[in-house]
Every structure is written in structure tokens, then in C-alpha cells.
Amino acid sequence: MASDAGGPTSRATSKRAEPLRAGSADGTLAVPPGSTGSLFARPTSPLRVAGAPRHNACYVENIPEEDSTRLLISDLCCMAEAYMTPDQVSQIYDAYLFGAEFHEGQHRSSGEPYIYHPLAVASILLEMHMDAPTIVAAVLHDVIEDTQASKALVAERFGEQIAEIVDGVSKLSAVNFPSKVEQQAESLRKMLMAMVKDIRVIIIKLADRLHNMRTLGALVPEKARRIARETLEIYAPIANRLGMHVLRLELEDLGFKAMYPKRYSVLCRAMRSVRGDRSEVLRKIENAINTALEGYDVRARVLCREKHVYSIYQKMRKKHLPLRELQDVYAVRLITDDIDDCYRLLGIVHNLWKPVPGRFKDFIAIPKANGYQSLHSVLVTPHRARVEVQIRTDEMDHIAESGIAAHWLYKTGDGGSGATHNRAREWLRELLEIQGDAGSQEFLDGVKVDLFPDEVYVFTPAGDIIKLPRGATVIDFAYAVHTELGNGCVAAWVNHRAAPLSAELRNGDAVAIQSDKAHHPNPSWLNFVTTAKARSAIRHYLKQLKAGEAVNLGRRLLDIALSRYGIALSDLEEHRKAAALTQTPFRNLDELMADIGLGNRPSELVARRIAESSHADMESLKETREASAHRLSIRGTEGMLVRFAGCCHPIPGDRVIGFMSAGRGLVIHRNDCRNARKSEDPDRWIDVEWAAQPEGEYQVSVRVDVANRRGALASIASAIAAAESNIENVQINERDGQTSSLTFCISVRDRAHLAAIMRAARRVRLVLKISRI
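Here goes a summary of the coordinates provided. (Residues numbered from 1 in each chain as written. Predicted model: local features only at pLDDT ≥ 70, side-chain atom pairs only at ≥ 80, totals over all residues. Heavy atoms only, no water.)

### Focus: the pattern of salt bridges
Here's step 1: For the structure shown, the criterion picks out 20 salt bridges.
Here's step 2: The partner of E250 in a salt bridge is R214, and the shortest N-O contact between them spans 2.8 Å. Placement of E250 in helix 11 (residues 245–259) and of R214 in helix 9 (residues 200–214) is noted, with a sequence separation of 36 residues between them.
Here's step 3: Look at E250 and you get partly exposed, because its relative accessible area is 28%.
Here's step 4: For R214, a relative accessible area of 26% puts it in the partly exposed group.
Here's step 5: The salt bridge partner of R751 is D654, with a shortest N-O separation of 2.7 Å. Placement of R751 in helix 27 (residues 751–762) and of D654 in the loop between strand 13 (642–644) and strand 14 (656–661) is noted, with a sequence separation of 97 residues between them.
Here's step 6: Taking relative accessible area as the criterion, R751 reaches 43% and is therefore assigned partly exposed. (Salt bridge = Lys/Arg side-chain N within 4 Å of Asp/Glu carboxyl O. Helix = DSSP H or I, 4+ residues; strand = E, 2+ residues; numbered from the N terminus. Buried < 20%, exposed > 50% of the residue type's maximum accessible area, 1.4 Å probe, protein only.)

The following block contains the structure:
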């Protein structure tokens, strides 16, 4: 791809290139020289694609140097012949002709012809035994983005299905974004939406990224590090989430190498220096397990290995240990026929060596989110080394290695790979829910959170298992069950005991939720929820609530502004409503009201435009306005768009004034607040007053000077509580050795309630002075 490793350094010209010699003059498939019976020739010398997997599937005799690209496609088609029909292989070759024609004149940063890249991507997918449409789409995956070939042309030549896959892989390079982060987020959003329709989009994208990472050396270090960071943060975790273990490991090691080249080389040298001793240890471990198995009627393959470079680097960072002191760097895999034998093997190895307490995990009974199944246990061997043992069946091993790609490789339908495929689709549907209302950065952050699911497993009252990321709370659980349950959550019980909504859940917790349809999400929930689904649902609700409140507030403000001209909003004729919308980008009156309510547009200017459209006599209009003096009534229940200034803490009974803050709504100040300067932005200041019976409680600050004696704070706090007030915050400043100054932020109903609290505090013997701040 253009911005990835080895992107094209030159564009295809607008003139269509002449067909390559690999095809006939009319563009149909031409059989290469030397082939007999089969579509492609038999081998005499090996072929290699730069960065492609090694294999010895095909050789071609006596081909000139300039025909090297035809050697590559011959190699590719020989791989395809192993499991595809001749018609499918022919379509792959046709895709090569099409791609080579449009990519002609383009070269990668390494200098090689650009067509090498899509062929290498296709070869990676052929090793996974992906189906023919995936391979064709892989060969064509850059033609829409990097050449003048259109989606319609691809659809006409290869069908709508392949065109949709190719378009899903293409980035949004034609759109200008304010920042690289936004471009990355929107391209990822587009790709994820395409994945919901066809999961093969991400499989091609991962193979594309893998080949780019293999050929990253041709790029300048800064660009290579940027691509490596993106790989480690986005693509390797996606591969993990889809269960593509082998591909993930290579992406991680290559990303680590490009991101931290010195650390990578130092660690590799250190691993080579201790590998001799460790190889002997691995051999002894393998022999001991094979010997133990001889006494039982259980068939199992034993595979021993050292963990990968990036995995070891992460363990060293997490445990703050040098390589020589790191113990759990060995892994042993036991692969058997059926699930019963898995548990029998577990008993055998536990009888052989002592297991480490708390390190056993049963992913067969409770699979991971990506469909991974296996028994894990950490054992202490006589060689003073800890070994992680993984026990699984053959099918589980295939799915663990290939992940979602096993859906095409094994075609097991409703078996293991089918379940993996369904889990992937479920995850993608959740991401699609999140992306609908999130901004670019918010969406990218949400995806990154979802890609690192260090999981806990909790139970519903019905016994169903809910998987959540570590650190998830009761609210996260409620939203994981259903969005409506989360929105209406009012109380929770964890293990049959009442728990706060912010309580962090642990493995095995049984959680019950009490909900109320009349209850709504609280903005404070955003301070402790961890899942992207919960965060997105809460923000979506608050955004909708804010929009509704903005319309209501805007309507009230405009009604008051119009009343000064003797006009009622409810009596406006259609042509006068149309006059209000002139010179604005809004389609209807509600959008205009919301803009007024959010403080983006002064209601006075809109009212004046409406009034001018119906009064020819401007002098009478001025007299009508001056004869009226309406104020906006504040009840305290207006919602998120009416805020009370923290600088002066207005409460009912104070003389107040309002300021329309752009994007935030109405901010209420006391008249005597030093920030209430009507001379600045006079159109944004609104005359307001308290309603006859305001509701709710309001925060206010008071300063109390006390004698510095034991129990002073407790006595004052007790007096405030007795006066039916709650202390929100307290600060203590010692003035000298004899007195202290206490600043309380307390909740009050109005000025009369505040006066009663201050009288109660003055009766405390140690209080010297009390005043409102």
C-alpha cells in the first residue's frame, strides 16, 4: 500500500499499459512454455519472492532474466494447484495479468517492481489454504488505492464479491484529514466495517502487513518505526484477537526488531549465548515426558520450544529481571486425539512434576475470546526451570495456530473453527456499535482497549459466563449483558452481597443487576468504566440527552428574546420561521434551537432577524423591545446545559446572570462575580432569575477560622451535618500555631439554608469567624 512499507514510488500513467507477455494479445490466459498437461511447468530451479515464505512447489525451465515476474506467478499458481480447481487457478493468473498491467511503472522503496508485493501477500495466504476469492483479492488488493483501476472495473472483471474485499482493504488515501491519527482511525473504521461484511478483508490486511514488515529495511528508520509501532499496537493484537497465533508472533518479533533495533540485537545475542545450556534442558524435559507417557495408554506428540523474542522481552520488562534470571522461558505442548485424553495428560504431568499454585488455567471449558482452547499449567522441573505445559487436541492446535483462517482451511462448520469465526463476527459487531457515535480518537482508543483483553470470567444469575477485560466494573458487566440493562442500572450484588457500581470484578464472581427504566446513565460512570462498549453507550446516551436539552433551552431563550419584541414563538407563521433559518446552515427550527441552546448562536440576534421580517417600522420595534424585560427562569433541573459557575457558586436567593458559553450552554454567575463582565460580549449575557421554587442542592464554599485545638474539625463537621448539609470537600490551612483556616465546600438548598448552617457552625465553641467565599 502507498503509505506502508515498500509503497509504490511511481504512479501508473493514465494510459493503459500493454498486456504482459505472460498473457496472450487479447488478455486471455497463456500457458507458459514448457508446461505439459498441467497449467504450469515442472521444477528444475527454485523460485523466491522477496519476503515470501520458503517452499519448493514449482520450478520453470529456461526462462530469460526479464521474465522473472512470470516465474513468480508460476510459483504462485503451483501452490494454488495443490488444493484448487484449474478454473480457480486460471482466475488467479488473470488477476495477476490485471494487476501487473495497472501496476506497471510502479516500484517499491527497495527498487523492485511493485507487483512483487501483492504476489508475496497472495503466497502468504496460499500457505494458509485460503479460498480462491481471497487469493484473487490479495493479488488485486492495491489496484484501487494505488492505480487508476476503479472498484467498478474490478467488479466487472472479477465480480462484486472480490471488488468489495479489495475496496475494504484499501485505505482512505483520497481524503484529506487534519491529522495522521484521524486518518489512521478512519481507515481502521472503514476496514472494520468491511470486515463485518466479509472477514477475509482483515486476513488479507494482516498478510499485507506481514509482508510489509518483512521488507521494512528499505524504509528510512523514522517511517519504519512508525509502521512498527502501528503493527504492535493495532495489527498484532488484531491477529491475536482472531486467534492467528503464528502470524501474530512474526508480526510482534518484526515489530520489536524495527521499533527497538538495539534491544532486539542485544537480546538475540544473549539468547544465543545461553541457548546451548537451554537446548540440553529442553531435550531432558522432552525425554522425561516421553518416558512418563510410556506407562499409560495415551497417544500424544511432545513439542518443546523456547518462547519468542518479543514475548521474552515483555516478561523481562514486566518482572524487571535480566534474561539469565528469567525462569518461564520454556513451553511444552502436548497434542492428543480427544478432550478426555487432555485431562488424562494433565494428571500425568502433574504427577511427574509439581505444579505452581494458581498457574493452572482451563481454556477448554472456558475458551478465550478468540476461540483459543487448551489446558495450561506451569510446572517446576528438577532442572530448576519452570515450564509452561499446554495440552490440546489436534483440532484445537490447528485453530490455535491459524485462528479464523482455519474456518477456510478445515471447513469444520459448527466445530471449533466455526465457533472461532462466530466469535470474531460478534467482536466486530460490537466494534461496529461503538464506531457509530465515537469520534476518531475515541474510536481508536476504544479499539486498542478491546484488543488487549486480559480477561476475567464472571457469572450471570442464570449461570451464563460473561467475559470482561481485567479491571472491569459492575457497570461494564451490565452493558456487556445488554445496553438497556446498563443504562438502567441502579444497584448490584456481587456474590450475593450489595456492591457499589464501581466495584471491580474478579474471576468467578456472580453478579446480579437491579435496573430501573426510569433511571439513566450518570456522567460520573465514565470515570471508572473500562470497556469500549460501556464507554460508547454512556457517551451516546449523554450526547442524545444533551441534544434534547439543547433544543429545550434554545427554545426557551428564543421565546424570551422574541417576547421583548411582542412576539410569541408558538404563534410564529411558517414564513417567519423560514426567516429565522436564513443565513444559517440549518434545515429546521430544532437544529437552530440546539445551536442557540449550546451557546453557539445568540438568541437575541435570531429574535431580531425574525422581528425585522415582520416590522417595517424599526422605531416601533425598538420601543416594543425596550418596554419588555423578560428573564429566563432557573429551576436547577435543566440538565447538563445549565451549569453553575465554580468561581462564585451561585445558590437560590442570589442575584444571578447567565453567560452563553460556546458549545457548553448556559453558565450561571452571581451578579457581583468578578467574571460577570457584561461589557465583554454583551450578546452572550442573558438576564436570568431563580424560579419561585427551585429544586435540588447547590454547592457553596465557606471559610471557618478556628482555634487550633483537638476535635475542632469533628465538631464543625457534626454541626454542618446536623443542619442537614453534606460536606463535599474540605481544605485545612494552618495560619499560625494558634489558629487554622478551614475551607468547606458544602451542599445547600438556598440562601436561607446556608444562613442556618452558618449559625449552627458559629455556636461551636472553637469557631472564631465564618464567612461565605
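### Quick notes on the side chain of T460
Here's step 1: On the secondary structure map, T460 appears in the loop between strand 7 (455–459) and strand 8 (465–469).
Here's step 2: Residue class for T460 comes out buried when judged on its relative accessible area of 13%.
Here's step 3: Ignoring sequence-local partners within four residues, the contact set of T460 consists of I466, F477 and V511. (Contact = heavy atoms within 4.5 Å.)

### Digging into the packing of helix 7 (residues 160–169) against helix 9
Here's step 1: At a closest axis distance of 9 Å, the pairing of helix 7 and helix 9 adopts a crossing angle of 50°. Relative to helix 9, helix 7 is oriented oblique. For the element pair helix 7 and helix 9, the recorded crossing hand is right-handed. Residue-level inspection shows Q161, I165, G168 and V169 of helix 7 in contact with helix 9, the latter providing R200, V201, I204 and K205.
Here's step 2: For the contact of helix 7 with helix 9, the residue count by class is 4 nonpolar, 2 polar and 2 charged. (Axes fitted to C-alpha atoms, helices over the stretch in contact; angles between N-to-C directions. Parallel < 35°, antiparallel > 145°, perpendicular 65-115°, else oblique. Left-handed = near helix turned anticlockwise from the far one by under 90°. Nonpolar A, V, L, I, M, F, W, Y, C, P; charged D, E, K, R; others polar.)

### Points about the sheet that holds strand 14
Here's step 1: Strand order across the open sheet formed by 5 strands is 12-16-14-15-13, with mixed pairing between neighbours. For this open sheet the edge positions go to strand 12 (632–634) and strand 13, each flanked by a neighbour on one side alone. When strand polarity is set aside, the average angle formed by the axes of neighbouring strands in this sheet is 40°.
Here's step 2: Across 3 bridges, the pairing between strand 12 and strand 16 (residues 685–690) is parallel. Across the sheet, I634 pairs through a bridge with W690, a residue of strand 16. (Pairing = 2+ DSSP bridges.)

### Considering the nonpolar core
Here's step 1: Core analysis: the largest hydrophobic core is formed by 107 residues, its most contacted members being Y96, L125, L140, L206, L334 and I391.
Here's step 2: Every residue in contact with L334, bar those within four places of it in the chain, is listed here: I289, R301, V302, L345, V349, V389, Q390, I391 and R392.
Here's step 3: The next biggest cluster of nonpolar side chains, apart from the first, holds 60 residues, and it includes L562, A580, I668 and A723. (Core = buried A, V, L, I, M, F, W, Y, C linked by side-chain atoms within 4.5 Å.)

### Notes on the packing of aromatic side chains
Here's step 1: All chains considered together, the criterion is met by 14 aromatic pairs.
Here's step 2: Residues F256 and Y310 carry aromatic rings whose centres are separated by 5.8 Å and whose planes lie at 55° to one another, so their mutual orientation is tilted. One end of the pair, F256, is in helix 11; the other, Y310, is in helix 13 (residues 309–319), and 54 residues separate them in sequence. By the burial criterion, F256 is buried, and Y310 matches it.
Here's step 3: When the ring of F256 is compared with that of Y313, the centres are 4.4 Å apart and the planes differ by 25°; the resulting orientation is stacked. Of this pair, F256 sits in helix 11 while Y313 sits in helix 13, placing them 57 residues apart in sequence. Considered together, F256 and Y313 belong to a single accessibility category, that of buried residues.
Here's step 4: Here the basic side chain of R263 rests over the ring of Y260, its NZ or CZ set 4.2 Å away from the ring centre. (Phe/Tyr/Trp six-rings, centres within 6.5 Å; stacked < 30°, edge-to-face > 60°. Lys NZ or Arg CZ within 6 Å of the ring centre and 35° of its normal.)

### Observations regarding unusual backbone geometry
Here's step 1: You will see that H320, though not glycine, has its phi angle at about 55°, which is positive.
Here's step 2: Tracing the sequence through the fold places H320 in the loop between helix 13 and strand 2 (330–336).
Here's step 3: At H649, a residue that is not glycine, the phi angle is positive and equals roughly 45°.
Here's step 4: Positionally, H649 belongs in the loop between strand 13 and strand 14.

### A short note on a nonpolar patch on the surface
Here's step 1: Residues L713, V730 and I732 make up a contiguous nonpolar surface patch of about 220 Å² in total accessible area.
Here's step 2: Here L713 lies in helix 26 (residues 712–722). (Patch = residues over 30% accessible without salt bridge, like charges linked within 9 Å, V, L, I, M, F, W, Y side chains within 5 Å. Areas by Shrake-Rupley, 256 points an atom, 1.4 Å probe, with all protein chains shown as cover.)

### Considerations on the sheet that holds strand 9 (residues 489–494)
Paired through their backbone hydrogen bonds, the strands of a sheet run either parallel or antiparallel.
Here's step 1: Pairing in this open sheet of 3 strands is antiparallel, and the strands run 10-9-11 from one edge to the other. Two strands close off the open sheet at either side, each with one partner strand: strand 10 (497–499) and strand 11 (511–515). Ignoring strand direction, the axes of neighbouring strands in this sheet form an average angle of 35°.
Here's step 2: As judged from the 3 bridges shared by strand 9 and strand 10, these two strands associate in the antiparallel manner. Note that in strand 10 the partner of W493 across the bridge is A498.

### Structural notes on the pairing of strand 5 (residues 375–380)
Here's step 1: Most of strand 5 sits inside the fold, with 5 of its 6 residues counted as buried.
Here's step 2: Pairing geometry for strand 3 (residues 354–355) and strand 5, over 2 bridges, is antiparallel. Following the sheet pairing, K354 is matched in strand 5 by V380.
Here's step 3: Relative to strand 5, strand 4 (residues 361–362) runs antiparallel, the two sharing 2 bridges. Counterpart to K361 in the pairing with strand 5 is H376.
Here's step 4: Bridge analysis of strand 5 against strand 6 (residues 386–393) gives 6 bridges, and the strand direction is antiparallel. For S377, the partnering residue across the bridge sits in strand 6 and is V389.

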